[in-house]
2 protein chains.
Amino acid sequence: MSAPVWSVDPRTGNRREQVATEATAEEVDTTVRAAHAAAPALAERAQRARLLRAAADLFDEHVDKVVECADAETALGPGRLSGELVRTTYQLRAFADIAEAGDFLDARIDHADPALTPPRPDLRRWKVPLGVVAVYSASNFPLAFSVPGGDTASALAAGCPVVVKAHPDHPGTSELSAALLHRAAEEAGLPPEVVSVVHGFDAGVELVRHPLVAAAGFTGSVRGGRALYDAAAARPRPIPFHGELGSLNPVVVSEAAAAERAEEIGAGLAGSMTLGVGQFCTKPGLVLVPAGESGDRLVTSLTAAVSDTEAGVMLDHRMRDAFVGGVRERAELEGVQSPVTPGAGSEHTVSGGFLTVDAEHVTSGGEYDLLLEECFGPVTVIVRYGDAAQVSAVLARVPGSLTATAHLGAAEAEADGGDGGAARLLAELTPLAGRILVDGWPTGVAVAPAQQHGGPYPATTSTSTSVGGTAIERWLRPVAYQNAPQPLLPAELRDGNPAGVPRTVDGVRQS
Amino acid sequence: MSAPVWSVDPRTGNRREQVATEATAEEVDTTVRAAHAAAPALAERAQRARLLRAAADLFDEHVDKVVECADAETALGPGRLSGELVRTTYQLRAFADIAEAGDFLDARIDHADPALTPPRPDLRRWKVPLGVVAVYSASNFPLAFSVPGGDTASALAAGCPVVVKAHPDHPGTSELSAALLHRAAEEAGLPPEVVSVVHGFDAGVELVRHPLVAAAGFTGSVRGGRALYDAAAARPRPIPFHGELGSLNPVVVSEAAAAERAEEIGAGLAGSMTLGVGQFCTKPGLVLVPAGESGDRLVTSLTAAVSDTEAGVMLDHRMRDAFVGGVRERAELEGVQSPVTPGAGSEHTVSGGFLTVDAEHVTSGGEYDLLLEECFGPVTVIVRYGDAAQVSAVLARVPGSLTATAHLGAAEAEADGGDGGAARLLAELTPLAGRILVDGWPTGVAVAPAQQHGGPYPATTSTSTSVGGTAIERWLRPVAYQNAPQPLLPAELRDGNPAGVPRTVDGVRQS
């Protein structure tokens, strides 16, 4: 008998209803084989675009039902979830456009050149879909990083069938999403097996090991993500594993920035670190603030703003316990203070807060390395520094992150060209992260062609992005045709460019 | 005391001279740290181009000395090695051009758009070098896939310092190449530590585990490559490992092609499979030939051409033993014939040959799976098939390869659009390989923008190419700057494009 999958209300801890059962190994096998068999149906890019747009339309149409279901399971609130749904449908439509435009194929044609030594044959290269993609949903984005999320959208746009491992925190939303995607497939004239959902921890492990799974996308914890990464690498035939595991998202507030905008920065930080009950992968988790009066003003402002924040419900009780325990362990370190103590609120809530510590503690290593690990939830660590050397010493210990942020004074931001302290600071932050912000907050990740949501390990297990148009590159591999006759080439590579895609011909880009 | 590294003459098996010592763990550490410290010297793309061009000029200047040294260690012959040197300097200069042009940065700018919901910040993305790259040299290309080879050229073009693990079959050539590269660095005003060479098996393992090594490129055997891949994946911080491990390179000769060109195909195959004593990673190792009269003619032609081939010296005696043993094991399988028996020649040589077997044996699995493994050296396996279903059944068992080839009849190549047998055959070959050839031979890999030298595992451990311009993508990761003031941006991302690189601005490509 398969184990039941329950939808649970995090506001009470009570089971709402059984929405599915955990997939057995046989069921995972059947699902993956069906997805693999459906792959040829995704051969046409126009068809993929129809699927993605039909899905976006259906989610728009059923916004109330989807948001209600997601809120009941995640407690993220209808406002945030409506916004997330807008983001999700925007993503689906953006990848429909990308599938149609065909830039991602990186089509390249080198005509034969018998005059070269050795003579060059005719070579025509594009990218083909890898095959079935396994997607592991995130807890904290039940839509945008779950069943109908970015990984699903980019993989389908690439022409890959998708099997999603649903997150146990929102199985009902996952089932509802799967039903809408199946309807979208039907409307687009595609078999429903182009996207499927499975539940259960063991099913997730089976999935990454399945011989017909060709790549995986993951958003979650370091522990879970690393276990799946290791399983992907240990396969007889290893597969790409694009995992987003954990991120500290360091912020450096310069002396000048603190002097000019202490109150504004303190309030902004409070908003960013408590947003969504601190459950963003881009939450600023370590903030370097100057010692002295300007920094004190910043901490005072932060104290006031965080104290005003209401207690919130986390995604599940296990996370709540981990947050409360993680904060306590950090707060007990010698030299760590908690001007606003984060921790348990009422029976089901947590309250936000922050810790402060001097830079020399953080650079002393040992048990203080705990302060350099992500603590999921509404807490951040303020590190007070004396000079630029201390900033460098702390940053040298910070692990790879999705983002790194500098708050700069007006003059240093604008005036010092390549040589000043601000330039040095950005040069120190760049190796740490995939997105470098100036005078902003890392929460909020724009879906845009130039976005990079992915950084050095453990932020990401690959060099790819999971947000923005280039996310599609993860699900493709290049294939070159040598001296293939025109009728046997895909339209995208034929003379005269009948498919109308951008191409690079003999080294020159044609639009 | 460090173990001595000897240069050995494969024509006699005798030691020529001691050319180096194996690097200890401490020496590997020192070398990698020095490489890491030299990384900032490669910040300017123009400087990288100067280094690569200076290296190409120096190899051209010292062609006689380099070829003599390489021939003495590899027995590949001055003709082949002079050609390989031309290929190597072409590659170095091609990557100099690529470094200067900057397409590989994939620069993208999305201007801020406050009208969007949510408002979009200013985002500017390019790619930055990953850090120190470990390169594992190939035995069979002492120049083009070794110290001055494609991995070194592409990594330096990307801005990554390189530490090469020399192949034990040509340590003298590796030392000579390192000396020339160090002179090139000096001429380009760069520290010599931007490229270094280490010797020794243990040093290679130390290298892939070193915390400051950020990526690895490998060309070699499945066994060695998989061990290093596993070590790269098992690191506390895993790194990309781009390994080219082994490739069967299947060829399908259609009934029509055999009927039209049996003799030409037989002779062409003989040339391709014995080229360089069968020591190419793209050697056709499995050739599907129709049963019946046309196929018989092909085999007759192959027999004559292979019988005419002179015995050759393999790269080392271990490989010679593996070839002789591998051929014997295959030839002993029930139903396998050897019209021209490959195996030992004189004391130090091997003679080329081929095996034949019926398709039903190959598809029966078990011990016959040995025929689907690469056997390095001048041997190929001819599989006689009865119909298209047998071709499909054999191809379904073929592992990932660098190349897959179809020989087609004139009418089927040109006339049958998307629906005929030739189209179906190409659709069956495409999932198997990174380069699909029609009416050609896979040995000979053009260095060209549209080249793809990399296929599904075990051909390659990643989806990348190791030959051609896009090989540079392996050593980069994207970084996006959000709301960074102009003076703090790299020139490549500033308004007005002062660096003159191709960019995509608000989704539109600017040349």
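Residues numbered from 1 in each chain as written. Chains lettered and ligands numbered in written order. Predicted model: local features only at pLDDT ≥ 70, side-chain atom pairs only at ≥ 80, totals over all residues.

**What to know about the overall build of chain A**
At step 1: Assigned secondary structure in chain A consists of 15 helices and 22 strands.
At step 2: Taking 24 Å as the expected radius of gyration for a compact globule of 511 residues, we find that chain A reaches 24 Å, a close match to that expectation.
At step 3: Judged by the C-alpha coordinates and their principal axes, chain A covers about 75 × 65 × 40 Å.
At step 4: Residues classed as buried in chain A amount to 60% of the 511 residues present.
At step 5: Put simply, 75% of the contacts in chain A that link residues at least 6 apart link residues at least 24 apart. (Helix = DSSP H or I, 4+ residues; strand = E, 2+ residues; numbered from the N terminus. Rg over C-alpha atoms; globule rule 2.2 N^0.38 Å. Buried ≥ 20, exposed ≤ 12 C-beta atoms within 10 Å, placed from the backbone. Contact = placed C-beta atoms within 7 Å.)

**Side note on the interface of chain A and chain B**
At step 1: Each partner contributes residues to the interface: chain A has 59 residues there, and chain B has 58 residues.
At step 2: Only β3 (107-110), β4 (123-129), α8 (222-234), α14 (410-415), α15 (421-429), β19 (433-438) and β20 (476-482) of chain A provide two or more residues apiece to the side of chain A that touches chain B.
At step 3: Counting residues per element, the side of chain A that touches chain B draws most heavily on β20(A), which supplies 6 residues.
At step 4: Residue composition of the side of chain A that touches chain B, by class: 31 nonpolar, 16 polar and 12 charged.
At step 5: As defined by bridge partners, β19(A) adjoins strand β19 (residues 476-482) of chain B across 3 bridges and the pair is classed as parallel. Following the sheet pairing, A:L437 is matched in β19(B) by B:Q482. (Nonpolar A, V, L, I, M, F, W, Y, C, P; charged D, E, K, R; others polar. Pairing = 2+ DSSP bridges.)

**Digging into the domain arrangement of chain A**
All names here are of chain A.
At step 1: Entries for chain A in the domain assignment read domain 1 (23-245 + 463-475) and domain 2 (250-438).
At step 2: Placing a centre on the C-alpha atoms of domain 1 and another on those of domain 2 gives a separation of 33 Å.
At step 3: Taken residue by residue, the interface counts 9 residues in domain 1 and 8 residues in domain 2.
At step 4: When its residues are assigned to classes, the side of domain 1 that touches domain 2 shows 2 nonpolar, 4 polar and 3 charged. (Domains from an automatic or database assignment.)

**Describing the relation of the copies chain A and chain B**
At step 1: Mapping chain A onto chain B is achieved by rotating through 180 degrees and translating by 0.0 Å along the same axis, at an RMSD of 0.0 Å. As the rotation angle and translation indicate, the two copies are arranged about a two-fold axis. Within chain A, A:A233 has its C-alpha nearest the rotation axis, a separation of 3.3 Å.
At step 2: A share of 98% of interface residues in chain A that are also interface residues in chain B marks the association as one of identical surfaces. (Least-squares fit on C-alpha atoms with pLDDT ≥ 70 in both.)

**What to know about helix α11 (residues 317-331) of chain A**
All names here are of chain A.
At step 1: Along its 15 residues, α11 runs 21 Å from first to last C-alpha, staying within 8% of the 21 Å computed at 1.5 Å per residue.
At step 2: The set of residues buried in α11 consists of M319, R320, F323, V327 and R330. The buried residues of α11 occupy an angular sector of 105 degrees when projected down its axis, which confines them to one face. The exposed set on the far side of α11, more than 90 degrees from its buried face, consists of R318, G325 and E329.
At step 3: Summarising the contacts, the buried residues of α11 are in contact with β14 (343-344), β15 (349-351), β16 (353-358) and β17 (379-385). (Expected span 1.5 Å × (residues − 1). Arc of directions from axis to C-beta.)

**Looking at the nonpolar core**
At step 1: With 324 residues, the main nonpolar core has A:L52, A:A216, A:V383, B:L52, B:A216 and B:V383 as its most contacted residues.
At step 2: Leave out the neighbours within four places in its chain, and B:L52 touches B:L92, B:R93, B:F95, B:A96, B:A99, B:A153, B:L156 and B:A157. (Core = buried A, V, L, I, M, F, W, Y, C linked by C-beta atoms within 7 Å.)

**Observations concerning helix α6 (residues 171-187) of chain B**
All names here are of chain B.
At step 1: Compared with an ideal rise of 1.5 Å per residue, which puts 17 residues at 24 Å, α6 spans 24 Å between its outermost C-alpha atoms and is within 8% of the ideal.
At step 2: When you tally the buried positions in α6, you get 12 out of 17 residues, the bulk of the element.
At step 3: Buried within α6 are the following residues: P171, G172, T173, S174, L176, S177, A178, L180, L181, H182, A184 and A185.
At step 4: Structurally, α6 contributes buried residues whose contacts are with β1 (4-9), β2 (14-21), α2 (45-61), α3 (63-74) and β7 (195-198).
At step 5: Looking one or two residues beyond α6, the residue adopting positive phi is G189, at roughly 75 degrees.

**Description of the packing of α3(B) against α6(B)**
Residue and element names in this part refer to chain B.
At step 1: In contact at an axis separation of 8 Å, α3 and α6 are set at 155 degrees when each is read in the N-to-C sense. Relative to α6, the element α3 is oriented roughly antiparallel. From α3, V66, C69, A70 and E73 reach across to α6, where they touch G172, T173 and L176.
At step 2: Counted by class, the contact of α3 with α6 contains 4 nonpolar, 2 polar and 1 charged residues. (Axes fitted to C-alpha atoms, helices over the stretch in contact; angles between N-to-C directions. Parallel < 35°, antiparallel > 145°, perpendicular 65-115°, else oblique.)

**Looking at the sheet that holds strand β8 (residues 213-219) of chain B**
Residues and elements named next belong to chain B.
At step 1: Spatially, 5 strands are ordered β7-β6-β5-β8-β9 in an open sheet, and the strand pairing comes out parallel. In this open sheet, the two edge strands, each paired with only one partner strand, are β7 and β9 (241-244). Strand-to-strand, the axes of this sheet are offset by a mean angle of 15 degrees, without reference to chain direction.
At step 2: In this sheet, strand β6 (residues 162-165) lies alongside strand β5 (residues 132-136) in parallel orientation, the contact comprising 4 bridges. By the bridge assignment, Y136 is partnered in β6 with K165.
At step 3: Relative to the sheet, helix α1 (residues 25-38) contacts β5, β6, β7 and β8, its axis offset from that of β7 by approximately 170 degrees.

**Considering the pairing of β5(B)**
Residues and elements named next belong to chain B.
At step 1: β5 sits mainly inside the fold: 5 of its 5 residues count as buried.
At step 2: Neither face of β5 is exposed, since V132, A134 and Y136 on one face and V133 and V135 on the opposite face are all buried.
At step 3: Strand direction decides the pairing type here: β5 and β8, joined by 5 bridges, are parallel. Counted as the bridge partner of A134 is A216 from β8.
At step 4: The β-α-β motif built from β5, the intervening helix α5 (residues 150-158) and the parallel element β6 has right-handed crossover chirality. (Right-handed = clockwise from strand over helix to strand, strands pointing away.)

**As for the sheet that holds strand β7 (residues 195-198) of chain A**
Across a sheet, strands are paired by hydrogen bonds formed along the backbone, either parallel or antiparallel in direction.
All names here are of chain A.
At step 1: Ordered by their spatial adjacency, 5 strands build an open sheet running β7-β6-β5-β8-β9, and the pairing between neighbours is parallel. With partners counted over all chains shown, the strands left at the sheet margins are β7 and β9 (241-244), one partner each. Recorded for the sheet is a direction-independent mean angle of 15 degrees between the axes of neighbouring strands.
At step 2: One ladder, built from 4 bridges, connects strand β8 (residues 213-219) with β9; its direction is parallel.

**Re the confidence of the model for chain A**
At step 1: This prediction gives chain A a mean pLDDT of 96; 99% of its residues lie at or above 70.
At step 2: The complex model carries a pTM of 0.97, and its ipTM stands at 0.96. (pLDDT = per-residue confidence, 0-100.)

**Topic: unusual backbone geometry**
Residues and elements named next belong to chain A.
At step 1: Going from Y457 to P458, the amide bond is cis rather than trans, its omega being 5 degrees.
At step 2: Relative to the elements of secondary structure, P458 occurs in the loop between β19 and β20.
At step 3: A positive phi is found at D506, a non-glycine position, where the angle reads about 50 degrees.
At step 4: On the secondary structure map, D506 appears in the loop between β21 (503-505) and β22 (508-510).
At step 5: Looking at D506, the number of C-beta atoms within 10 Å reads 13, which means it is partly exposed.

**Here we look at the packing of helix α2 (residues 45-61) of chain A against helix α4 (residues 78-101) of chain A**
Residues and elements named next belong to chain A.
At step 1: Look at α2 against α4: their axes get within 8 Å of each other, and the N-to-C directions meet at 165 degrees. In terms of axis orientation, α2 runs roughly antiparallel to α4. α4 is crossed by α2, and the crossing has left-handed handedness. Of the residues in α4, those in contact with R45, A46, R48, A49, L52, R53, A55, A56, F59 and D60 of α2 are L85, T88, T89, L92, R93, F95, A96, A99 and E100.
At step 2: Counted by class, the contact of α2 with α4 contains 11 nonpolar, 2 polar and 6 charged residues. (Left-handed = near helix turned anticlockwise from the far one by under 90°.)

**Some remarks on the environment of B:A70**
Residues and elements named next belong to chain B.
At step 1: Secondary-structure assignment places A70 in helix α3.
At step 2: For A70 and P171, which are 101 residues apart along the polypeptide, the C-alpha to C-alpha distance reads 9.2 Å.
At step 3: The contacts of A70, once residues within four sequence positions are left out, are L76, L81, P142, L143, H170 and T173.

**Re the pairing of β4(A)**
Residues in a regular strand point their side chains to alternate faces of the sheet.
Residue and element names in this part refer to chain A.
At step 1: By the criterion of burial, β4 is predominantly enclosed, with 6 of the 7 residues buried.
At step 2: Taken together, the 3 bridges between β3 and β4 define a ladder with antiparallel strand orientation. Pairing of D110 across the sheet is with L123, part of β4.
At step 3: Alignment of β4 against β20, held across 7 bridges, turns out to be antiparallel. Bridge pairing in β20 links L123 to Q482.

**Concerning the environment of A:A3**
Residues and elements named next belong to chain A.
At step 1: For A3, the position within the fold is in the segment before β1 (4-9).
At step 2: A residue is classified by how many C-beta atoms lie within 10 Å of it, and A3, with 14 of them, is partly exposed.
At step 3: Measuring from C-alpha to C-alpha, the distance between A3 and A20 comes to 8.8 Å, with 17 residues separating the pair along the chain.

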